[in-house]
Amino acid sequence: MFFVKSFGRQYGYRLELTLRNYMKLQLKLARLRNRKLFLLNCRRTKIVPNGFDFRLDLEIENEQSMQKAEKITKKFKQSLLSLLISDCLRSVSKLKKAAAAQLNHIAECVSCEDFEYIKNAVKRKEESVFGRSKSKQTRKLEILKTNKIQQLCHKSPWVTNHTDVELPDFLMRTLQLGGGFNVPDLKHPPYVRLLSEIESCIHWDPQADTIRNEVSNAIINHINYLKQPFHSDNEWIRKDVIKSSKYLAERNDLIVTKADKGKLTVVMNKAEYESKMLTLVNDTETYEEIRNDPTSSTLKKINAMFDQWSQEEWIDKCTKLKLKVYNCNPPRVYGLPKTHKEGMPLRLINSTIETATYNAAKFLSSILNGIVGKTDHHIVNSFEFVGDIRQHIVTNECAWFSLDVVSLFTNVPVDYAIESVRLRWGELEEHTKIPESSFIAMLELVLTSTFFMHQGRFFKQKFGLPMGSPLSPVVANIVLERVERSALEQLHQEGIVPIFFRRYVDDCLSSVRREQVERMLEVFNSFHPRLQFTIELEEDGQIRFLDTIVRREEDHLTTEWTPKDSEGRYLDYNSSSPFNHKKNSAIALVDRVLKLSEVYYRSNALEVVKQILTNNNYPGSLCNKIIN
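Computed from a predicted model, the values in this text were never measured in an experiment.

## What about the overall build of the protein chain?
Point 1. In terms of regular secondary structure, the protein chain is built from 22 helices and 15 strands.
Point 2. Residue burial in the protein chain is summarised as follows: out of 628 residues, 44% are buried.
Point 3. Carbon and sulfur atoms form 50% of the exposed surface of the protein chain, whose accessible area is close to 35200 Å².

## Focus: the packing of aromatic side chains
Point 1. Here the structure, examined in full by the defined rule, presents twelve aromatic pairs.
Point 2. Centre to centre, the rings of phenylalanine 306 and tryptophan 309 are 5.7 Å apart; their planes meet at 75 degrees, and the pair counts as edge-to-face. Residue phenylalanine 306 and its partner tryptophan 309 are located together in helix α10 (residues 295-311), separated by three residues, close to a single helical turn. The two residues phenylalanine 306 and tryptophan 309 agree in class, both being buried.
Point 3. When the ring of phenylalanine 452 is compared with that of phenylalanine 459, the centres are 5.8 Å apart and the planes differ by 20 degrees; the resulting orientation is stacked.
Point 4. A residue is classified by how much of its surface remains accessible, and phenylalanine 452, at 1% relative accessible area, is buried.

## Considering the pairing of strand β2 (residues 254-258)
Point 1. Pairing geometry for β2 and strand β3 (residues 265-269), over five bridges, is antiparallel. Paired with isoleucine 255 across the bridge in β3 is methionine 268.
Point 2. What sits between β2 and β3 in their antiparallel hairpin is a turn of six residues, with glycine 262 showing a positive phi close to 85 degrees.

## Things to note about the sheet that holds strand β1 (residues 159-161)
Point 1. The strand order across the open sheet built from three strands is β1-β3-β2, with neighbouring strands paired in mixed fashion. On the outer flanks of this sheet lie β1 and β2, each paired with one strand and no other. Each neighbouring strand pair of the sheet contributes to a mean axis angle of 20 degrees, computed without reference to strand direction.
Point 2. Relative to the sheet, helix α5 (residues 169-176) contacts β1, β2 and β3, its axis offset from that of β1 by approximately 135 degrees.
Point 3. On top of the sheet, helix α9 (residues 270-281) reaches β2 and β3; it is set at about 90 degrees to β3, its chief contact.

## Topic: the packing of helix α18 (residues 472-493) against helix α19 (residues 517-524)
Point 1. At a minimum axis separation of 9 Å, α18 and α19 run at an interaxial angle of 135 degrees. Looking at the two axes, α18 sits oblique to α19. Like other packed secondary-structure pairs, α18 and α19 cross with a definite hand, here right-handed. Two secondary-structure elements touch here, α18 through Val483, Glu484, Ala487, Gln490 and Leu491 and α19 through Arg519, Met520, Val523 and Phe524.
Point 2. Broken down by class, the residue content of the contact of α18 with α19 amounts to six nonpolar, one polar and two charged.

## As for the pairing of strand β10 (residues 500-504)
Each regular strand shows side chains that alternate between the opposite faces of the sheet.
Point 1. Of all five residues making up β10, four are buried, and the element is well covered by its neighbours.
Point 2. Bridge count for β10 against strand β11 (residues 507-513) is five bridges, and the pairing is antiparallel. Looking at β11, one finds that phenylalanine 501 is bridged to serine 510.

## Details of the pattern of salt bridges
If the charged atoms of two oppositely charged side chains come close together, the side chains can form a pair.
Point 1. On inspection of all chains with the given rule, the structure shows 23 salt bridges.
Point 2. With its nearest N and O atoms 3.0 Å apart, the salt bridge here joins lysine 324 to aspartate 307. With lysine 324 in the loop between α11 (317-323) and β5 (332-337) and aspartate 307 in helix α10, this pair connects stretches of sequence that are 17 residues apart.
Point 3. Overall, the relative accessible area of 15% leaves lysine 324 in the buried class.
Point 4. Residue glutamate 481 pairs with arginine 503 through a salt bridge whose shortest N-O separation is 3.7 Å. Taken together, the positions of glutamate 481 in helix α18 and arginine 503 in strand β10 put the pair 22 residues apart, joining distant regions of the chain. Of the two residues, glutamate 481 and arginine 503, both sit in the buried class.
Point 5. Connected through salt bridges with shared partners, the residues Arg424, Glu427, Glu481, Glu484 and Arg503 form a single ionic network.

## Things to note about unusual backbone geometry
Point 1. Positive phi, close to 60 degrees, is recorded for glutamate 313, a residue that is not glycine.
Point 2. Classification of glutamate 313 by relative accessible area gives exposed; the value is 63%.

## Brief notes about the environment of arginine 44
Point 1. Along the polypeptide, arginine 44 turns up in helix α2 (residues 13-44).
Point 2. Overall, arginine 44 belongs to the partly exposed group, its relative accessible area being 37%.
Point 3. Taking the C-alpha atoms as reference, arginine 44 lies 8.3 Å from tryptophan 236; in sequence the two are 192 residues apart.

## Regarding the sheet that holds β11
Point 1. On the basis of which strands lie adjacent, the open sheet formed by four strands has the order β10-β11-β7-β12 and antiparallel pairing. Both outer strands of the open sheet, β10 and β12 (533-537), are each paired with one neighbouring strand and no more. Shown here is a sheet whose adjacent strand axes are inclined to one another by a mean of 25 degrees, direction ignored.
Point 2. In the sheet, strand β7 (residues 398-405) pairs with β11 via seven bridges, with the strands oriented antiparallel.

## Some remarks on the side chain of threonine 295
Point 1. With respect to the helices, strands and loops of the structure, threonine 295 is situated in helix α10.
Point 2. Engagement of the side chain of threonine 295 in a polar contact is seen with the side chain of aspartate 293, the distance being 2.6 Å.

## Some thoughts on helix α21 (residues 602-615)
Point 1. Between its first and last C-alpha, α21 extends 20 Å over 14 residues, near the 20 Å set by a 1.5 Å rise per residue.
Point 2. Listing the buried residues of α21 in full gives Ala605, Leu606, Val609, Ile612, Leu613 and Asn615.
Point 3. Residue asparagine 617 follows α21 closely and has a positive phi angle near 70 degrees.

## Here we look at the packing of helix α20 (residues 579-596) against α21
A packed helix pair is summarised by two numbers, namely the angle formed by the two axes and the spacing between the axes.
Point 1. Relative orientation of the contacting elements α20 and α21 amounts to 165 degrees, with a least axis distance of 9 Å. The orientation of α20 with respect to α21, classified from their angle, is roughly antiparallel. Crossing handedness for the pair α20 and α21: right-handed. Residue-level inspection shows Ala586, Leu589, Val590, Val593 and Leu594 of α20 in contact with α21, the latter providing Arg602, Ala605, Leu606, Val609, Ile612 and Leu613.

## So, helix α15 (residues 414-423)
Point 1. Of the positions making up α15, those classed as buried are Val414, Tyr416, Ala417, Ile418, Ser420 and Val421.
Point 2. Buried residues along α15 sit in contact with α12 (358-368), α16 (425-428), α17 (436-448) and α18.

## Description of a negative patch on the surface
Point 1. Together, Asp404, Glu536, Glu539 and Asp540 make up a negatively charged patch on the protein surface.
Point 2. On the accessibility criterion, glutamate 536 (46% relative accessible area) is partly exposed.

## Section: the nonpolar core
Point 1. Formed by 58 residues in total, the largest nonpolar core has its most connected members in Leu368, Phe439, Met442, Leu443, Leu471, Val475 and Phe524.
Point 2. Sorting elements by how many residues they give to this core places α18 first, with ten residues.
Point 3. Apart from the residues lying within four places of it in its own chain, the contact partners of leucine 471 are Ala361, Leu364, Ser365, Leu368, Leu443, Val446 and Leu447.
Point 4. Membership of the second largest hydrophobic core comes to 29 residues, among which are Ile543, Ala586, Val593 and Val609.

The rules behind each value
- Residues numbered from 1 in each chain as written.
- Predicted model: local features only at pLDDT ≥ 70, side-chain atom pairs only at ≥ 80, totals over all residues.
- Heavy atoms only, no water.
- Helix = DSSP H or I, 4+ residues; strand = E, 2+ residues; numbered from the N terminus.
- Buried < 20%, exposed > 50% of the residue type's maximum accessible area, 1.4 Å probe, protein only.
- Areas by Shrake-Rupley, 256 points an atom, 1.4 Å probe, with all protein chains shown as cover.
- Phe/Tyr/Trp six-rings, centres within 6.5 Å; stacked < 30°, edge-to-face > 60°.
- Pairing = 2+ DSSP bridges.
- Axes fitted to C-alpha atoms, helices over the stretch in contact; angles between N-to-C directions.
- Contact = heavy atoms within 4.5 Å.
- Parallel < 35°, antiparallel > 145°, perpendicular 65-115°, else oblique.
- Left-handed = near helix turned anticlockwise from the far one by under 90°.
- Nonpolar A, V, L, I, M, F, W, Y, C, P; charged D, E, K, R; others polar.
- Salt bridge = Lys/Arg side-chain N within 4 Å of Asp/Glu carboxyl O.
- Polar contact = N/O pair within 3.5 Å; in protein donor to acceptor, adjacent residues only side chain to side chain.
- Expected span 1.5 Å × (residues − 1).
- Patch = residues over 30% accessible without salt bridge, like charges linked within 9 Å, V, L, I, M, F, W, Y side chains within 5 Å.
- Lys, Arg positive; Asp, Glu negative; His and termini not counted.
- Charge placed at Lys NZ, Arg CZ, Asp CG, Glu CD.
- Core = buried A, V, L, I, M, F, W, Y, C linked by side-chain atoms within 4.5 Å.

Following this line, the structure appears as structure tokens:
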């Protein structure tokens, strides 16, 4: 303000007052322009400023009336926001006219050089004030966005930061949405990948040209549709996602991954992550380093077997062409942090997608699935389990408990698994033309191909089934069916006959006399030192199995549906997913309650479902319509 007094002494007191008024008007204009931008951003992102984020205190008991009142209040707030924007625009226009009049008066009273100096000095001061005001309003808008995301995400925080880096607000907001939140990428739809996948499906179809033309027209129509103006209440979320992707691409020192259990997103230092990964792969008891990459030799062996199968007409030519792989990468591993354990160790996952063994593993798995689940004690899902257990009569002399295998895949012996398949070849030959020797050779090749690459080095898993292979689940199931059959036969010979025994993969629920529980656990653990079961006894007459709670009530059993995580994230209603997907997700939850819970437990279970849907932002009207 020193130059104002200087010009006042030179041109008189009246000019000094005019100059002061002009500067005040310009600074006020700078603040008003920022306020206008802030309000416009609030209206665009459907965010209500704190100044009038009020709630009506009305005595409304009817749910529909309450929803209508909330809708009216929301519209009123948006209208009030538009009114503030209009008022701001009128004020800006009025101030501009007043400032222009003051500037014209100054131009008439001072020289041209002094006039340019005054304009530049005021402009610098105005830019300084505008910058400070913009920073303040931007921070205010970021806080409002974060508060809105926290309202969308009931469980907060969904993100755990295990670094010393202070993550930006837009990144934290994006990560809190969870991996299931769908944001459309309107600028980069995956047309090339889509066409590639369609071409691979129709390549051998006689009507391939007709299908290509129809698909091309559909994609062109979709592209033209996306060229239309796009408006969304959550458009700012999509922009946050884009900014977050760019930020993480620039920060090579950060790793973002999901936790081993639950829906938590974990941010780690890349150095810490790599250190823990090296500790895992250098564990000489589980892995060993190998010198060369076995990918090429493994691929040649698998393709040679497919050629032989085709020549012998055990598979048709079309199947052979789908199964053969010509270019592939070695398997790679990644780690999922176990946030529930001290020190947050990693669980090693071996990704076999697009590797030499992937197609062969899927093919063998499709054949082996034909003999799995044929035992009397196998259950397919919770619905079958509930229908079965409700028919059993119980006594106080019997104890209920569950058995669970420790680290199933990595502890299943490969030789024991191959032998288990051999023992059931009589059942398996009904599902394939491939002879036993050739089928077992391919099975052994896939199961023993447990190599992977990490940081340019190659390792091999010493024991157990390959993690991440589509063949491992069905082979593990066959092994457990053999253990189940042998254990129950041995117990029967000792006079121990379980009153109830059902198995879902490696989860078993059983009931025997209380003095026989320890012996039953010993028998199940006697088949291999690595294949060990843990036991969990009932507490207060109830035990959890799958997604149900089994309770004793006098001489019979009752069941109640229970979610693994009552505050868990399902398909969020604000996600850009088809409405039918959201509606069907809610209906599926209600369906499980009605079929898995006794009548007198359903009201409480439905309240849990309603809370889950509310946590995932389902509107109350839809919740009531589905639940009632």
